[in-house]
2 protein chains.
Amino acid sequence: MQSKKFILQESDIPEAWYNVIADMPEKPLPMINPETRQPLSVDDLSALFSKEASSQELNTTDRFIEIPDEVREMYKIYRPTPLVRASGLEKALDTRAHIYFKNESVSPVGSHKLNSAIPQAYYCKKEGVTNITTETGAGQWGAALSLAAKHFGLNLAVYMVKVSYNQKPYRRSIMQTYGAEVIASPSMSTRAGRKIITENPNYQGSLGTAISEAVELARSTPGCKYVLGSVLNHVALHQTVIGLEAEKQMEMAGEYPDIVIGCFGGGSNFSGISFPFMRHNFSGSRHTRFIAAEPESCPKLTRGKFRYDFGDEAGYTPMIPMFTLGHDFAPANIHAGGLRYHGAGSVVSQLIRNQLMEAADIPQLETFAAATLFAQTEGIIPAPESSHAIAAAIREARRANEEGSAPVILFNLSGHGLIDMTAYDSYIAGDLVNHQISDEQIDRDTADLQGI
Amino acid sequence: MQSKKFILQESDIPEAWYNVIADMPEKPLPMINPETRQPLSVDDLSALFSKEASSQELNTTDRFIEIPDEVREMYKIYRPTPLVRASGLEKALDTRAHIYFKNESVSPVGSHKLNSAIPQAYYCKKEGVTNITTETGAGQWGAALSLAAKHFGLNLAVYMVKVSYNQKPYRRSIMQTYGAEVIASPSMSTRAGRKIITENPNYQGSLGTAISEAVELARSTPGCKYVLGSVLNHVALHQTVIGLEAEKQMEMAGEYPDIVIGCFGGGSNFSGISFPFMRHNFSGSRHTRFIAAEPESCPKLTRGKFRYDFGDEAGYTPMIPMFTLGHDFAPANIHAGGLRYHGAGSVVSQLIRNQLMEAADIPQLETFAAATLFAQTEGIIPAPESSHAIAAAIREARRANEEGSAPVILFNLSGHGLIDMTAYDSYIAGDLVNHQISDEQIDRDTADLQGI
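Source: prediction; values computed, not measured. (Residues numbered from 1 in each chain as written. Chains lettered and ligands numbered in written order. Predicted model: local features only at pLDDT ≥ 70, side-chain atom pairs only at ≥ 80, totals over all residues. Heavy atoms only, no water.)

Student: What should I look at first to understand the packing of helix α6 (residues 140–152) of chain A against helix α8 (residues 169–177) of chain A in this one?
Tutor: For any two helices packed against each other, one specifies the inter-axial angle together with the distance between the axes. All names here are of chain A. Put simply, α6 and α8 touch, their axes get as near as 8 Å, and they point 10° apart. For the element pair α6 / α8, the angle class is roughly parallel. Note on element contacts: α8 touches α6 through R171, I174 and M175, opposite Q140, G142, A143 and S146. Here the residues of the contact of α6 with α8 are counted per class, giving 3 nonpolar, 3 polar and 1 charged. (Axes fitted to C-alpha atoms, helices over the stretch in contact; angles between N-to-C directions. Helix = DSSP H or I, 4+ residues; strand = E, 2+ residues; numbered from the N terminus. Parallel < 35°, antiparallel > 145°, perpendicular 65-115°, else oblique. Contact = heavy atoms within 4.5 Å. Nonpolar A, V, L, I, M, F, W, Y, C, P; charged D, E, K, R; others polar.)

See below:
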């Protein structure tokens, strides 16, 4: 019988993360301190983040950064994760393409987010921090950080985007079961939240607003640090365990991917699966295509502008050189809450500029059709976010069928959708729609941003 | 670093199931055809079940029964499952006991139930069946059979116990996403359902009633067979892949269990983890204790009567020699929907009679305290059903602490609780209570049953 899964042992958990910046042919532009207008320093960052995360954030030289033993020990709860040959999906598509997925949904919180939650909580603990804050969209990041915070004995407050707080109440319960405090965002507990509620009482929130609230609480609370689940370099760094494991597993399968796909919100899971493979493109030994799959309703990579912009709605964060729809862009209430973010990190933005990767924007209905086919053929009900990657993989397999080619496609199944069943209910009932945005809206929302 | 998980490869998936009856020192009493009052024949059974399942049901001689290739192929979606050293839980309990759990929650439907859903659907398909029916309590079995039915191209109707249908709407959505039809039970679609609704319009259902409805639909539909998720011998047989894998994994860990624990509804997961280890007790080479953990509110093993009783509420099934609370026992609306069943199968009942295993009954609040501690220390939010096994393991570890001993404890984590977060919400809010039943109720509900 053919192998379905490629399974590693605990000793195969990587001992170091891969820092893609060290290998990039053209480095990303620096992030800017909006007060001094100077490139961001480790000191600037460590006012908000742990010192170690701050130092990793600005590390442009070390190709590999060691994973602490305490982090690898907690990784063992769910890592290594399986690489799976999607033979059922291939059969349904009647394709000669070989489709593989890295199954990050096996983590106890249901997604890849623990990969960065664990080291970030660990560094905070090690540096004497007692309280941390964060934001969460669909709740995947918040659930992961809740578990990591409990493990390392930290108190945690999570600002959860209101639309997801209401759509996905089970994720709130999961965070509470792990012992975290959860607040729907925008909330009255911060200046940033009060301002937006006053202006727009029915606003259902966005990741940008939730970040503002979490940052504000961290800044105003002694002994408290802020922790971020995506966008920044150190988060992408931690997620490279995904791709480093997948590289070994593709070797077990005797193949190498022609195409690597991840869904794209802030970039953490896309970066995690892609960067380790990308280094072989940089060295010229491989010519893999890398595709970031984003929602049609939040198309920063395919239709956004390259600008210096804030990472949050209120403008508390550093200015990041990014493809953006504008930091006050209000995304449609799609069910892929983790992808409702206005911008991309500086590294991915630079890679797009240098045509070292691609992006595809996918309508909501196409993602749920792909998700349902995947569930019925591979058994796993995927998260609405991850379904963007599945839809992109299906597009590539269908294109290969038309062209008569047989590429090796690898995508990251970043999470399962068991907490997202209301979304599937809506899809089954025919209540879901696509959401387009106009060029005019993008022009308007990015008009005030500083060009580069 | 110490190993946390013990991981097998796909080639380690067992090639045969273990049939405990062949090795039992005293065989179970026969099931009885209520019409003829004679021991049940394969022909009697195959009017309702697939021929192969019927033949396995009455097989008392073959110690091992081969697993078809098609079944092993689909097992690869999630098997082998990990064996995990619960080091976080051990630390929290400050115990010298070594606690291991077999993690069946990694299956895409979140529980061990696929282990039998796959072969049962496969046999139906192979024998030309087009439609199947079943019942489900919490929805774990229904979700599993929905996926297996889709895989083998069968139509499926699932009767879901009403209390769970309302408590766990996501499980209904999961079944629908896999393509199954789901009906809340009791329903107006069957005579059995109509009768009970007429007598008791607010009845929230039980597994016994749902079985009656599914059996009635199967009998009245040409080309349709009925498929059961627990209680019967062939279901327990299929579940022995759990214990057979765990045996190899305990060997990898260099240990052998002194105590093996499973939660107990109809017996499928308890039997699955226990029977393969039990054969070494039969041969005298080992002296492991086996503990079935049942709810205090549904205590058939600890307080039920040994009688010939029906497997369902309406009396459609064969008469089974079982420990029972009476087939019309109405269990309290606890959140562990999968354990709300009045009786035990004939094999487990015989093993209890022969003191070859034990049972423990656990109050609801103790199970949620155990579940929360487990979630915070091991990361996985357990199903309310599985939490009974965790609570029993914690009891044993605490007893060992008092005695100064250090036993090796193995329990089966039969499923995760991500679809059961309303239960956790109630627990966090302090709304959950314990449910006791009186001796008088048990005497009354079993008074009419035939003694043995």
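What follows continues from the structure just given.
Student: Looking at this structure, how should I read the environment of Y18(B)?
Tutor: Residue and element names in this part refer to chain B. Relative to the elements of secondary structure, Y18 occurs in strand β2 (residues 16–18). The exposure class assigned to Y18 is buried, which follows from its relative accessible area of 0%. In the structure, Y18 is positioned 142 residues away from M160 in sequence and 30 Å away in space, judged by C-alpha atoms. One polar contact links Y18 to D23, side chain to side chain, over a distance of 2.6 Å. (Buried < 20%, exposed > 50% of the residue type's maximum accessible area, 1.4 Å probe, protein only. Polar contact = N/O pair within 3.5 Å; in protein donor to acceptor, adjacent residues only side chain to side chain.)

Student: Quick question: what am I supposed to make of the pattern of salt bridges here?
Tutor: Note on pairing: side chains with opposite charge can pair once their charged atoms come close. Residues and elements named next belong to chain B. One pass over the structure, following the stated rule, counts 40 salt bridges over all chains. The closest approach of N and O atoms between E73 and K76, which form a salt bridge, is 3.3 Å. Judged by its relative accessible area of 28%, E73 falls in the partly exposed class. Ionic pairing is found between E358 and R289, a salt bridge with its closest N-O pair at 2.8 Å. Placement of E358 in strand β14 (residues 358–362) and of R289 in strand β11 (residues 289–295) is noted, with a sequence separation of 69 residues between them. On the basis of relative accessible area, E358 is assigned to the partly exposed category, the value being 31%. (Salt bridge = Lys/Arg side-chain N within 4 Å of Asp/Glu carboxyl O.)

Student: Even after reading the chapter, I still don't get the sheet that holds strand β10 (residues 259–263) of chain B, so can you show me in this structure?
Tutor: Adjacent strands of a sheet form backbone hydrogen bonds with each other and so pair up, either parallel or antiparallel. Residues and elements named next belong to chain B. Strand order in the open sheet made by the 7 strands is β1-β4-β5-β15-β10-β11-β14, with mixed pairing throughout. Looking at strand neighbours, the two that pair on one side only are β1 (5–6) and β14, the edges of this open sheet. Examined bridge by bridge, β11 and β14 share 5 bridges and lie parallel to one another. Its bridge partner being in β14, I291 is matched across the sheet by E358. Across the sheet, helix α11 (residues 233–252) is in contact with β1, β4 (83–85), β5 (98–103) and β15 (408–413); its angle to β5 comes to roughly 140°. The strands that helix α12 (residues 268–282) touches are β5, β10, β11 and β15; relative to β10, the one it contacts most, it runs at about 155°. (Pairing = 2+ DSSP bridges.)

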